[in-house]
Amino acid sequence: MTRISIIIVSFYILFGCGQPPSSIPEKPNVIIILTDDQGYGDLSAHGNPWLKTPNMDQLHSESVRFTDFHVGTTCSPSRASILTGKYSNRAGAWHTIMARHMVWQEETLLPEIFQKSGYATGMFGKWHLGDNYPYRPQDRGFDETLMHAGGGIGNSQDYWNNDYFDDTYFRNGEPEKQDGYCSDVWFDSALEFIEQKKDDPFFLYLATNAPHGPFVVDTTYSNPYQKEEITNPEFYGMIANLDENLGRLRTRLSKLGIADNTILVFMTDNGTARGCDLDENLFVTKGYNAGMRGRKVSPYEGGHRVPFFIHWPNGSLTSGRDVETLAGAIDIVPTLTDLCGLSLNNSNDLDGRSLRPLIYQEGDWTDRILFADTQREDTLVKYKQYSIMTEQWRLVNGELYDILEDAGQRTNLSADHPQVVDSLMAAYESWWDHTTIRKDDYTYVPIGPEIEEQLFTQHDIHPIIPGGQAWNQRHVRFGLIRKGYWAVEIETPGNYQLELRRWPRETGLKLGDFLPEGDLLPQGPAYDEGKALDLKKAIVTIAGQTSEVMLKNEDESGIINMNLPAGKFKLTGYFVDGQGLENSAYYLYASLND
């Protein structure tokens, strides 16, 4: 080895900038920890004056940190980009409900790449990319899964009456009773997976539902944050619990002797949900948001700029160093596969690029333009809530900000720099055309011999009349009236059973049963009281056919059998009450009869 080579290698080791990849002899393990609704300012290492996160801070001090890292503004879009390397609009997941949270079947997800490369794969916590075959995590490359359903505990397709403690979650698709607090359960299961797979390379995707609402945590964690300056003590308490669990995980990795060869990524899925209060212009009035404007859902920085730490002792990523270059969720697939030496058959089709040159301070890096938008629509809407980002500029809904001089996005410079606005809007036009080729398509859910039964809920209807749907169990109890359809694919001609229910099967309730609020999760006063429905008829329309059955209050469901051809169809299944009001079934079970 030449003297120059020795100096270079010594520099990498001394300053934690990374060692040459040829010196890494074995496949590293990979762990992604993704917390939900924790913003950039929701940890003490980023200046939060109240929240104590010693384990996150320790990881921060031992990692390469990307300080200008961007995801989607809400849950599913971020997850879609993280796992596909593509913008969420292009991947098919641009909303959190309406079946617009499911990634196209044809996409290859990160766990599939690891699985095909000989890795054991596990997913624990929140999936939120589809609860029906073939969109579930076990259908998309994960060997072992434990998850709640929907976008949060207590969503309509989640196991009935889950409330964060001693819940029933789905292990590889089957309900299984758990003991303890949700975040503890996810980490316990992850640690068990690590113990079992410690002698082989593994990919672990640990995506917590905390600190997403409803904000439920033991008072041991929330009581220290009962202060006037803090907007939501439970929100901070949930993060404190996550921090404790992160410490547990890192300790276990060390005791097992596998910490050094484990790439550990810590990140969050969007801006803060409750770390701050905002005024009508989305400026902070209370709490802490690291100087940013906006929070979750917003196209301003506070909606999509998040922490991103990467730690890997065998890769010499142990000394704290900031990377200020613009990066995002679309870069995770190419980065992790590059670091692990895995082949990517679709590398030219990705929207992201490997961050290896920035992580290791090697090679050239060409500046680029990144994009974020907030759709939350059944059909994509052009120019809706967008942010166009460069190293210097942010163009947000036509407002131009110099992010290097104005991190809080207070001074609109669009009138002063019209050429910059024109250039960025031209880039947006190209990006829009590139990412919306399939905007009129559906993520069809198959019914037929490939899967014994499919459960459809109002969470996933495409609304016939705009106005949302009963996406959580509180809406179901209240009897929220909405009507829409599901996009389905009948796989083979045959006789099919369609069972329409007010309540899910596990409740054993009748159509006319009434449930008071009881021990419902605290999600606000709008649906505090349950409501009994007087349902007279169940009607199904699909493939040009309509069939109906009369109902009595003592029935558990309305069952309709229909001979259906193969093909892709819109399925409507709804109840009619005594006043003639039509309402999509809250739960519809569909299967091919023997």
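Everything numeric in this text was worked out from a predicted model, so none of it was measured. (Residues numbered from 1 in each chain as written. Predicted model: local features only at pLDDT ≥ 70, side-chain atom pairs only at ≥ 80, totals over all residues. Heavy atoms only, no water.)

### With respect to the nonpolar core
Then, number 1: Phe66, Phe69 and Tyr205 are the most contacted members of the largest nonpolar core, which has 52 residues in total.
Then, number 2: No other element matches helix H10 (residues 332-340), which puts five residues into this core.
Then, number 3: Contact partners of Phe66, with chain neighbours within four places excluded, come to Val306, Phe308, Val323, Thr325, Ala327, Leu355, Leu358 and Ile359.
Then, number 4: In terms of nonpolar packing, the next biggest core, distinct from the first, is built from 47 residues, Ile153, Ala190, Leu246 and Ala273 among them. (Core = buried A, V, L, I, M, F, W, Y, C linked by side-chain atoms within 4.5 Å. Buried < 20%, exposed > 50% of the residue type's maximum accessible area, 1.4 Å probe, protein only. Helix = DSSP H or I, 4+ residues; strand = E, 2+ residues; numbered from the N terminus. Contact = heavy atoms within 4.5 Å.)

### Considering the sheet that holds strand S5 (residues 144-148)
Then, number 1: Taken in spatial order, the 10 strands make up an open sheet running S7-S6-S5-S4-S8-S1-S9-S13-S2-S14, and their pairing is mixed. Strands at the two margins of the open sheet, each flanked by one partner only, are strand S7 (174-177) and strand S14 (321-323). Direction aside, neighbouring strands of the sheet carry axes that sit 20° apart on average.
Then, number 2: Two elements, strand S2 (residues 64-66) and S14, share three bridges in a ladder whose sense is parallel. Each bridged residue has a counterpart across the sheet, and for Val64 the counterpart in S14 is Arg321.
Then, number 3: Strand contacts of helix H2 (residues 54-61): S2, strand S9 (262-268) and strand S13 (308-311), with the helix running at about 65° to S13, the strand carrying the most contacts.
Then, number 4: Packing of helix H3 (residues 75-84) onto the sheet brings it into contact with strand S1 (29-35), strand S4 (120-126), strand S8 (202-207) and S9, and relative to S8 it is tilted by some 170°. (Pairing = 2+ DSSP bridges. Axes fitted to C-alpha atoms, helices over the stretch in contact; angles between N-to-C directions.)

### Things to note about the sheet that holds strand S15 (residues 327-328)
Then, number 1: Judged by pairing direction, the sheet is mixed, and its three strands sit side by side in the order S12-S3-S15 without closing on themselves. The sheet is open, and its two borders are formed by strand S12 (305-306) and S15, each paired with just one other strand.
Then, number 2: Relative to S15, strand S3 (residues 69-70) runs parallel, the two sharing two bridges. The residue of S15 that forms the bridge with Phe69 is Ala327.

### Some words on the confidence of the model for the protein chain
Then, number 1: Averaged over all residues, the pLDDT of the protein chain is 93; the fraction at 70 or higher stands at 93%.
Then, number 2: Looking at the elements of the protein chain, mean pLDDT is at its lowest for helix H1 (residues 3-15), recorded as 37, and at its highest for S1, recorded as 99.
Then, number 3: For residues 1-16, every residue scores under 50 in pLDDT, and the model assigns this stretch 17 contacts once sequence neighbours within four places are set aside.
Then, number 4: Within the model, the stretch residues 519-527 combines pLDDT values under 50 with 24 contacts to residues more than four positions away or in other chains. (pLDDT = per-residue confidence, 0-100.)

### Re unusual backbone geometry
Then, number 1: Cis geometry marks the peptide bond from Tyr133 to Pro134; its omega dihedral reads 0°.
Then, number 2: With respect to the helices and strands, the residue Pro134 is situated in the loop between S4 and S5.
Then, number 3: Put simply, Ala210 and Pro211 share a cis peptide bond, and its omega is 0°.
Then, number 4: Locating Pro211 in the fold gives a position in the loop between S8 and helix H7 (219-222).
Then, number 5: Here Ala290, not a glycine, exhibits a phi torsion of approximately 55°, which is positive.
Then, number 6: Structurally, Ala290 is set in the loop between strand S11 (284-287) and helix H9 (301-304).

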